[in-house]
Amino acid sequence: KAGVTQTPRYLIKTRGQQVTLSCSPISGHRSVSWYQQTPGQGLQFLFEYFSETQRNKGNFPGRFSGRQFSNSRSEMNVSTLELGDSALYLCASSQLDRDGYEQYFGPGTRLTVT
Amino acid sequence: KQEVTQIPAALSVPEGENLVLNCSFTDSAIYNLQWFRQDPGKGLTSLLLIQSSQREQTSGRLNASLDKSSGRSTLYIAASQPGDSATYLCAVASGTYKYIFGTGTRLKVLA
């Protein structure tokens, strides 16, 4: 099975712009989660989607949004970029079972805001 | 609110040593705990998943244990190799479908 893929891998944007990142989960996985990783804050949960519905959301401003399509692919959008949004954005997919779930991560998108 | 702590933050050991990485969490009501490895600038690679009903999991030279009542997990690496050098993260599935990550242990194995 192909792993989780994320596009683009690297992105440079200017403050005030907006950006859209894409994540394709492992085939058959219906849950997609997004995380932000920075040197100062570590890995922080952004949101989780299942069957096109956002089921949980982390403590991030409304500039961060996401969606999931019927094929389970997901996108996240950050509007009005700030310098502090520079980070590695990671996507994870999982397949739920009765005991919980295991997350599989993609390689990430490195976003630099100048 | 679930909080996850990893000790030590960094570790440097000579090749061949057995070592233990620690992970502590404040809320014992977890679904599972997962250990990951991250190489610099890369994504996370899953190492071991321990369900809440399990006490330990093993994969090759790796063994992870879980003690929910005390809020602790350990990752044991046997006969460490330079290729094991990476940052190791533990993550707790807590609440509704989200993982809380520790800050990681940066491991360096010296040849």
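Scroll up for the structure.
Note that the coordinates shown come from a computational prediction; the quantities given were computed from them, not determined experimentally.

1. Some words on the sheet that holds strand β1 (residues 4-7) of chain B
Residue and element names in this part refer to chain B. Taking strand neighbours across the sheet as the criterion, the five strands line up as β1-β3-β8-β7-β6 in an open arrangement whose pairing is antiparallel. Edge positions in the open sheet fall to β1 and β6 (56-59), since each of these has one partner strand only. Direction aside, neighbouring strands of the sheet carry axes that sit 15 degrees apart on average. Pairing of strand β7 (residues 62-67) with strand β8 (residues 72-77), which is carried by six bridges, proceeds in the antiparallel orientation. Across the sheet, residue Leu-62 finds its bridge partner in β8, namely Ile-77.

2. As for the sheet that holds strand β3 (residues 19-24) of chain A
Pairing between the strands of a sheet is mediated by backbone hydrogen bonds and can be parallel or antiparallel. Residues and elements named next belong to chain A. Strand order across the open sheet formed by four strands is β1-β3-β8-β7, with antiparallel pairing between neighbours. Looking at which strands have only one partner, the edges of the open sheet turn out to be β1 (5-7) and β7 (64-68). Going across the sheet, the axis of each strand differs from the next one's by a mean of 20 degrees, ignoring polarity. In the sheet, β3 pairs with strand β8 (residues 74-78) via five bridges, with the strands oriented antiparallel.

3. Details of the pattern of salt bridges
Residues and elements named next belong to chain A. Throughout the structure, instances matching the rule amount to seven salt bridges over all chains. Of the charged contacts, one joins Glu-48 and Arg-55 as a salt bridge, the two residues approaching to 2.7 Å between their closest N and O atoms. As a salt-bridge pair, Glu-75 and Arg-67 come within 3.3 Å of each other at their nearest N and O atoms. Assessed through its relative accessible area of 16%, Glu-75 is described here as buried. One salt-bridge network, held together by shared partners, links Arg-63, Glu-82 and Asp-85.

4. A short note on the packing of aromatic side chains
As enumerated under the stated definition, the model contains nine aromatic pairs over all chains in all. Between the aromatic rings of Tyr-35 of chain A and Phe-105 of chain A, the centroid separation amounts to 5.5 Å while the plane-to-plane angle is 45 degrees, which identifies the pairing as tilted. Here Tyr-35 of chain A is found in strand β4 (residues 31-38), whereas its partner Phe-105 of chain A is found in strand β10 (residues 103-105), with 70 residues between them in sequence. Residue Tyr-35 of chain A is classed as buried on the basis of its relative accessible area of 0%. Given a relative accessible area of 10%, Phe-105 of chain A falls into the buried group. Centroid distance Tyr-35 of chain A to Phe-101 of chain B: 5.4 Å. Interplanar angle 85 degrees. Geometry classified as edge-to-face. In this pair, Tyr-35 of chain A sits in strand β4 while Phe-101 of chain B sits in strand β10 (residues 99-101), so the two residues belong to two different chains. The two residues Tyr-35 of chain A and Phe-101 of chain B agree in class, both being buried. Following the ring pairs from residue to residue traces out a cluster consisting of Tyr-35, Phe-45 and Phe-105 of chain A together with Phe-36, Tyr-99 and Phe-101 of chain B.

The rules we used
- Residues numbered from 1 in each chain as written.
- Chains lettered and ligands numbered in written order.
- Predicted model: local features only at pLDDT ≥ 70, side-chain atom pairs only at ≥ 80, totals over all residues.
- Heavy atoms only, no water.
- Pairing = 2+ DSSP bridges.
- Helix = DSSP H or I, 4+ residues; strand = E, 2+ residues; numbered from the N terminus.
- Axes fitted to C-alpha atoms, helices over the stretch in contact; angles between N-to-C directions.
- Salt bridge = Lys/Arg side-chain N within 4 Å of Asp/Glu carboxyl O.
- Buried < 20%, exposed > 50% of the residue type's maximum accessible area, 1.4 Å probe, protein only.
- Phe/Tyr/Trp six-rings, centres within 6.5 Å; stacked < 30°, edge-to-face > 60°.

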